[in-house]
Amino acid sequence: MKYFILLALLAFAAASDDEVHAEIKELKSDVRPDGFDFVLDTSNSIHQEAAGDEHGNMHGSYEYVSPEGEHIKVTYVADENGYHPESDILPTPPPIPEAILKALEYIKAHPPAADPEH
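The name an unreviewed UniProt entry gives the protein is Larval cuticle protein 2, with Musca domestica as the organism.

Written as structure tokens, this is what we have:
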């Protein structure tokens, strides 16, 4: 068992060797009273950029190559309504069934009568 753990640790160290030696290719950071701009590029294909305003609203993106070799990119907006990421890798809800859509339209077209007791 100890031999297996040692081999696993050595394999992990060898696999992450490129990550340890990644270099920053570009780093720009501009902080102003009315907001900020930020860009980061590394030699291991990580790219991040963001911009924000004086109200705390931000928009940006980040991208990298997954361990499986897939290019991953996420764009986002963060504002008073929360954090809103967009990406092909994020799960999406299933479509609303047709029967539910029809029921919602019926309810909208036929609102309930006002209750005279309330």
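Further remarks concern unusual backbone geometry. One non-glycine residue, S45, adopts positive backbone phi at about 70°. Positionally, S45 belongs in the loop between β2 (35–42) and β3 (47–53). Judged by relative accessible area, which is 42%, S45 ranks as partly exposed.

What follows deals with the pairing of strand β6 (residues 82–86). Pairing of strand β5 (residues 71–79) with β6, which is carried by 5 bridges, proceeds in the antiparallel orientation. Paired with Y76 across the two strands is P85, which belongs to β6. With antiparallel pairing between neighbouring strands as the criterion, β5 and β6 make up a hairpin whose turn holds 2 residues.

Its location among the elements puts E63 in strand β4 (residues 58–65). Sequence spacing of E63 and H47 is 16 residues, and the spatial spacing of their C-alpha atoms is 5.2 Å. For E63, the side chain forms a polar contact with the side chain of H71, separated by 2.7 Å.

If you walk through the whole model with that rule in mind, you get 4 salt bridges. Here R32 makes a salt bridge to D30, at a shortest N to O gap of 3.1 Å. For D30, a relative accessible area of 37% puts it in the partly exposed group. Across the salt bridge formed by D37 and R32, the nearest N and O atoms sit 2.9 Å from each other.

What counts, and where the lines are drawn
- Residues numbered from 1 in each chain as written.
- Predicted model: local features only at pLDDT ≥ 70, side-chain atom pairs only at ≥ 80, totals over all residues.
- Heavy atoms only, no water.
- Helix = DSSP H or I, 4+ residues; strand = E, 2+ residues; numbered from the N terminus.
- Buried < 20%, exposed > 50% of the residue type's maximum accessible area, 1.4 Å probe, protein only.
- Pairing = 2+ DSSP bridges.
- Polar contact = N/O pair within 3.5 Å; in protein donor to acceptor, adjacent residues only side chain to side chain.
- Salt bridge = Lys/Arg side-chain N within 4 Å of Asp/Glu carboxyl O.

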